[in-house]
Amino acid sequence: MIKRQRIVITGRVQGVGFRPTVYSIAQRLGLSGSVYNDTKGVTIELQGPAEGVREFLSCLQGQDKPPMAEIKSCEAADIAVVEGEDKFTIKASESAGTALSEVSADIATCEDCMAEMVDKDDFRCRYPFINCTNCGPRYSIVKTIPYDRCNTTMSVFAMCDKCAAQYADVADRRFHAQPVACSDCGPSIELRDNKGQVIETKTEKVIAETARLLLGGKIVAIKGIGGFHLAVDALNDKAVKRLRERKRRDHKPFAMMTDSVEKIKKYAVVSRLAEGVLRSPQSPIVLLPKKRKSPIAQSVAEGVSTFGFMLCYAPLHYLLFEQGVEVLVMTSGNLSDEPLICKNERALEKLGGIADAFLMHNREIYRQVDDSIVHFIADEPVLLRRARGYMPAPIIVEEKCKQDILAAGADMKNTFCFAKQNQLICSEHIGELEDAEVYHHYINSVEHLGKLFEVKPEVVVCDLHPGYLSTQYALSLPDVRVIQVQHHWAHLVSVLAEYGLEGPVIGLECDGTGYGTDGAIWGCECMIASLDGFERFGHLSYYLLAGADKASKEAIRPVLGLLKKTYGDSFDLAEFGWLLERIEPDVRKQEIILQQLAKKVNTVQTSSLGRVFDAVAAMVGLGSYNHFEAQLPMALEAIAESEVEEQYDFDLTNGERLQIDLCRMIKQIIEDVREGAGGGVVSAKFHNCLAASLLETAKAARESKKLSTVALSGGVFCNRYLANRLVSLLRKNGFDVLFNRDVPSNDGGISLGQAAIAARSVARGWSLVTRKQDME
């Protein structure tokens, strides 16, 4: 019996060789019909014996599925048979309809292209932009969908006869590979000095001279897939320090790149799981434990226990490392905290005072994308920064959203998110909105991604904090309904969205700051949370924090706030002078802060756990100032001695809500420091105390609410020591544990939670989300 079906497939199915695969399977099985891209994904019309049609679907979703494809949905419907049809064809893409097809991510160079690049008989031998259907730039070059060459920055490069033949050959690996090119017809590289003068244009000489400069200790700005990197020899401490000075990044660790896992193993511990992530098509930066006595320059990553390594992911990178380069610092091409630079002239203007030379190319980057960062929690890869390689894969939800939604995200580590039908589409990492250039980049990014997916928000959701720039942006938008959502609830719902759950769950959310419904700054919360609402079940007992935003930088402020809470009216500065003078030697400043606390001038009540980390790090002598976010907590985690099982004491007190009281812990830490206990021991006992207190809080919530699933979120859970210990304790005590994996647990995941809450609100017809603070 002859049958004809229309099959609509959504997911990552454009730009990954999906149509050629469909064609090949249909040819093999003797089926007729057609396949084409549209704005929903891929549509197939298939005709032939019923058994052949069934086999086609089995092959496409099984053994023959292209390696980079990801099928999210496959809907088949019977349609009328077309008499006399005897061929299967690939049709031109359709551009009409709703933009739901998933734009593919930028993918690291595949093994087939690598083999061709070193094959002297291949016409793309040593071509710095070799790519195929299975690798190369995608998201960074697409202007609009459908993903065809005319809609990318490759449209300005007319294909030569050889490339055009491969592009048109359905049996070729480069069939409809939109960035396909060669040295005769495609992009090219050049080397310039920091004044913009051309040094060299011939590929081999450009590569050789760039390598010579790097090995000589020079700083080179290298244009890659998603933007510029600032590169320097990672074994040359003087060169790395020079980069820090010029880039104005004195403390934050640098990422590194090399061309093989074997090289990375010389400097860091690489587990089998980590090796798999390093070699993955996404090719992120992976945080790996340092090996002792590593020859890597000390100034690359001081004060932390890990190195951030990635493998080469562009052909240009591999050509450089062929020249005898061992390992390079490859940090974002920008001034500290500003947006990544991707335009050639902008790079010369902004980075001319940092780089000694510029390795550039003329393939336009339409969308700058930072490198992603991965670490491991409970033996699972977890994103710390979601960008190149992972962007813009959506989170799929069951319930279709009736209106387009924009979730504005948070101000730190900003991302934003669109909700369209059943997809939550998160942006890549944007950055810190307090920087004016980042804020403008944020606004432009909202506009760009909205156009790419044809999103026209009717609802905008943002944080409760009135001072957030993201909140002010949301409130400024015309003709939209604005929903404001509590910060920590959004964190926890981001976990539910990842797992496709509605809740309720026991939510443990720990971070540095988030505006509470009572006007306090929350930061260590136990919530009973669902898509519908939350109940604040418990929290860290409030302490006073003086100095507003200064409190997140200057450790003396949370130190004095915690000492004042712990010792009450009996607290005397003189008694603790031995401790405080090394944190803040200016006694007058100590006195002013103490007066602020006493008179409650420019102070706020807080349950921030992040500031407790700052205080303890300062007490054990790790520093007194966060030059970048979480610098002191990271240093405290780095020295924790994992074999220590002891913990400090804490109390759980019942009032209106359960409260975690750390006063006994603070006293014990001070006593240990006074008696000369090692910082590693103090750190371990501190972390163990926090894990135990959160476990007991979860157990109390389970007893009260009869729930056994715990969701963890918030920036504090970027701390691997604490997260791993707490996950282990919870599981040993019978809890199912969920945590962020596909989006960061820090504020980079907030927008996903906001979008999921707003989508639920729209579906239920609620007029205001914040009215539903507590669930019955």
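Keep in mind it's a predicted model, so treat the numbers as computed, not measured.

Draft legend 1. Quick peek at the overall build of the chain. Looking only at helices and strands, one finds 22 helices and 31 strands in the chain. Since a compact globule built from 776 residues should have a radius of gyration of about 28 Å, the 28 Å found for the chain is in line with a globular shape. Overall, the C-alpha framework of the chain stretches about 95 × 65 × 50 Å when taken along its three principal axes. Looking at the chain as a whole, 61% of its 776 residues are labelled buried. The contacts in the chain between residues at least 6 apart in sequence include a share of 71% that link residues at least 24 apart. Split by element, the accessible area of the chain, about 29,600 Å² in all, is 47% carbon and sulfur. Charge-centre separation for the chain: the mean point of 91 positive side chains lies 2 Å from the mean point of 102 negative side chains.

Draft legend 2. Representation of the pairing of strand S31 (residues 736-739). Of the pairings in the sheet, the one linking strand S30 (residues 709-713) to S31 comprises four bridges and is parallel in character. Along S31, the bridge assignment pairs Ala711 with Leu738. The parallel pair S30 and S31 is bridged by helix H21 (residues 720-732), and the resulting crossover is right-handed.

Draft legend 3. Just the sheet that holds strand S18 (residues 405-407), in detail. Pairing is mixed in the open sheet, where six strands are placed in the order S17-S20-S19-S18-S21-S22. Both outer strands of the open sheet, strand S17 (395-396) and strand S22 (481-485), are each paired with one neighbouring strand and no more. Bridge count between S18 and strand S19 (residues 417-420): three bridges; the pairing is antiparallel. Following the sheet pairing, Ala407 is matched in S19 by Cys417. Most of the contacts of helix H12 (residues 469-476) go to strand S21 (residues 459-463), to which it runs at about 155 degrees, and overall it touches S18, S21 and S22.

Draft legend 4. Expanded view of unusual backbone geometry. Met391 connects to Pro392 through a cis peptide bond whose omega is 10 degrees. Mapped onto the elements, Pro392 comes out in the loop between strand S16 (380-385) and S17. Put simply, Gly503 and Pro504 share a cis peptide bond, and its omega is 10 degrees. Looking at the element boundaries, Pro504 is found in the loop between helix H13 (487-499) and strand S23 (505-515). For Arg126, which is not glycine, the phi dihedral falls at a positive 60 degrees. By secondary structure assignment, the location of Arg126 is in the loop between helix H3 (111-117) and helix H4 (161-168). Positive phi, normally seen in glycine, also occurs at Gln421, with a value near 50 degrees. Checked against the element boundaries, Gln421 lands in the loop between S19 and strand S20 (423-426).

Draft legend 5. How the structure looks around the nonpolar core. Core analysis: the largest hydrophobic core is formed by 102 residues, its most contacted members being Phe18, Ile44, Leu46, Phe56, Leu359 and Tyr442. Looking at this core, the element that brings in the most residues is helix H11 (residues 436-452), giving six residues. Apart from the residues within four sequence positions on either side, Leu359 is in contact with Ile189, Glu190, Leu191, Val206, Thr210, Val220, Ala221, Ile222, Lys223, Phe228, Leu316 and Leu320. Counting 74 residues, the second-largest nonpolar core is a separate cluster that includes Ile556, Phe571, Leu690 and Ala701.

Draft legend 6. Representation of the packing of H11 against H12 within the structure. Axis separation between H11 and H12 bottoms out at 12 Å; the angle between their running directions is 45 degrees. One element, H11, and the other, H12, form an angle in the oblique class. Considering the relative orientation of H11 and H12, their crossing is right-handed. Between H11 and H12, the residues in contact are Tyr439, Tyr442, Ile443 and Val446 and Leu469, Ser470 and Tyr473, respectively.

Draft legend 7. View of the environment of Ala108. The topology assignment puts Ala108 in the loop between strand S5 (88-90) and H3. Taking the C-alpha atoms as reference points, Ala108 and Ala436, 328 residues apart in sequence, are found 32 Å from one another.

Draft legend 8. Inspection of the environment of Val644 at higher detail. Along the chain, Val644 falls in the loop between helix H18 (631-639) and strand S28 (651-654). Val644 sits in the buried class, given a relative accessible area of 11%. The spatial distance from the C-alpha of Val644 to the C-alpha of Val681 is 6.7 Å, given a sequence separation of 37 residues. Beyond its immediate sequence surroundings of up to four residues, Val644 is in contact with Val681, Ala684, Lys685, Asn688 and Tyr721.

Draft legend 9. A look at the packing of aromatic side chains. Tallying each qualifying case throughout the model produces twelve aromatic pairs. Note on Phe307 and Phe309: the rings are 6.2 Å apart at their centroids and 80 degrees apart in plane angle, and the pair reads as edge-to-face. By the burial criterion, Phe307 is buried, and Phe309 matches it. The interplanar angle of 50 degrees and the centroid separation of 5.4 Å between the aromatic rings of Trp489 and Phe534 together place this pair among those described as tilted. With Trp489 in helix H13 and Phe534 in strand S25 (residues 534-540), the pair connects residues that are 45 residues apart, well separated along the chain. For the pair Trp489 and Phe534, a shared accessibility class is recorded, and that class is buried. Ring pairs connect the aromatic residues Phe416, Phe418, Tyr439, Tyr442 and Tyr473, which therefore count as one cluster.

Draft legend 10. How the structure looks around the sheet that holds strand S12 (residues 306-311). Strand order in this open sheet of eleven strands is S7-S6-S14-S8-S9-S13-S10-S12-S11-S15-S16, and the pairing throughout is mixed. Taken across any chain shown, the strands that pair with only one partner, and hence form the sheet edges, are strand S7 (198-200) and S16. If you compare each strand with its neighbour and ignore which way they point, the axes differ by 35 degrees on average. Of the pairings in the sheet, the one linking strand S9 (residues 228-233) to strand S13 (residues 328-332) comprises five bridges and is antiparallel in character. Looking at S13, one finds that Val232 is bridged to Val329. Helix-sheet contacts for helix H5 (residues 203-215) involve strand S6 (189-193), S7, strand S8 (220-223), S9, S13 and strand S14 (357-361), and the interaxial angle to S6 is about 45 degrees. Across the sheet, helix H10 (residues 344-351) is in contact with S6, S8, S9 and S14; its angle to S14 comes to roughly 165 degrees.

Draft legend 11. Region of interest: the confidence of the model for the chain. For the chain, the average pLDDT comes to 93, and 97% of its residues sit at 70 or higher. When the criterion is pLDDT under 50, residues 768-776 qualifies, and its contacts beyond four places in sequence or with other chains add up to 27 contacts.

Draft legend 12. Summary view of H11. Between its first and last C-alpha, H11 extends 24 Å over 17 residues, near the 24 Å set by a 1.5 Å rise per residue. The complete set of buried residues in H11 reads Val438, Tyr439, His441, Tyr442, Ser445, Val446, His448, Leu449, Gly450 and Leu452. Buried residues along H11 sit against S18, S19 and H12. Two or three places before Glu437, at the opening of H11, Asp435 has a side-chain oxygen 2.9 Å from that residue's backbone nitrogen. Glu454 sits one or two positions beyond H11 and adopts a positive phi of about 50 degrees.

About the thresholds
Within each chain, residues carry numbers counting from 1 in the order of the written sequence. Reporting of local features is limited, given that this is a predicted model, to residues whose pLDDT is at least 70; pairs of side-chain atoms are given and counted only at 80 or more, and all residues count toward the totals for whole chains, interfaces and linings. Values reported for side chains reflect all heavy atoms of the structure, with hydrogen atoms and water molecules removed beforehand. The secondary structure listing takes helices from DSSP runs of H or I that are at least 4 residues long and strands from runs of E that are at least 2 residues long, numbered from the N terminus. With the radius of gyration taken over C-alpha atoms, the globule rule is written as 2.2 Å times the number of residues to the power 0.38. For the exposure calls, accessible area comes from a 1.4 Å probe over protein chains only, and a residue counts as buried if that area is under 20% of its type's maximum, exposed if over 50%, partly exposed in between. Only heavy atoms matter for contacts: two residues are in contact if any of them lie within 4.5 Å across the pair. In short, Shrake-Rupley with a 1.4 Å probe defines the accessible areas, and a residue's cover is counted only from the protein chains shown. As used throughout, the charge tally considers Lys and Arg to be positive and Asp and Glu to be negative, leaving His and the chain termini uncounted. By convention, charge coordinates are those of NZ in Lys, CZ in Arg, CG in Asp, or CD in Glu. Two strands qualify as a pair provided DSSP detects at least 2 bridges between them. For a crossover, the right-handed case is the one in which the path from the first strand over the helix to the second runs clockwise, viewed with the strands pointing away from the viewer. Lines fitted to C-alpha atoms define the axes here, with helix axes fitted over just the stretch in contact, and angles between the N-to-C directions of these axes take values from 0 to 180 degrees. Among buried residues, the Ala, Val, Leu, Ile, Met, Phe, Trp, Tyr and Cys ones that are joined through side-chain atoms within 4.5 Å form a nonpolar core. Reported orientations rely on four angle classes, namely roughly parallel under 35 degrees, roughly antiparallel over 145, roughly perpendicular from 65 to 115, and oblique for the rest. By definition, turning the near helix anticlockwise from the far helix through less than a right angle yields a left-handed crossing, and turning it clockwise yields a right-handed one. Each pair of aromatic rings taken from Phe, Tyr and Trp, with Trp reduced to its six-membered ring, is defined by centres within 6.5 Å and is described as stacked if the planes are under 30 degrees apart, edge-to-face if over 60, and tilted in the remaining cases. Values of pLDDT, the confidence the predictor places in each residue, fall between 0 and 100. Take the residue count of a helix, subtract one, and multiply by 1.5 Å to get its expected span. Here a polar contact is recorded for every N or O atom pair within 3.5 Å, except that within protein the pair must consist of a potential hydrogen donor and a potential acceptor, and residues adjacent in sequence are included only if both atoms are side-chain atoms.

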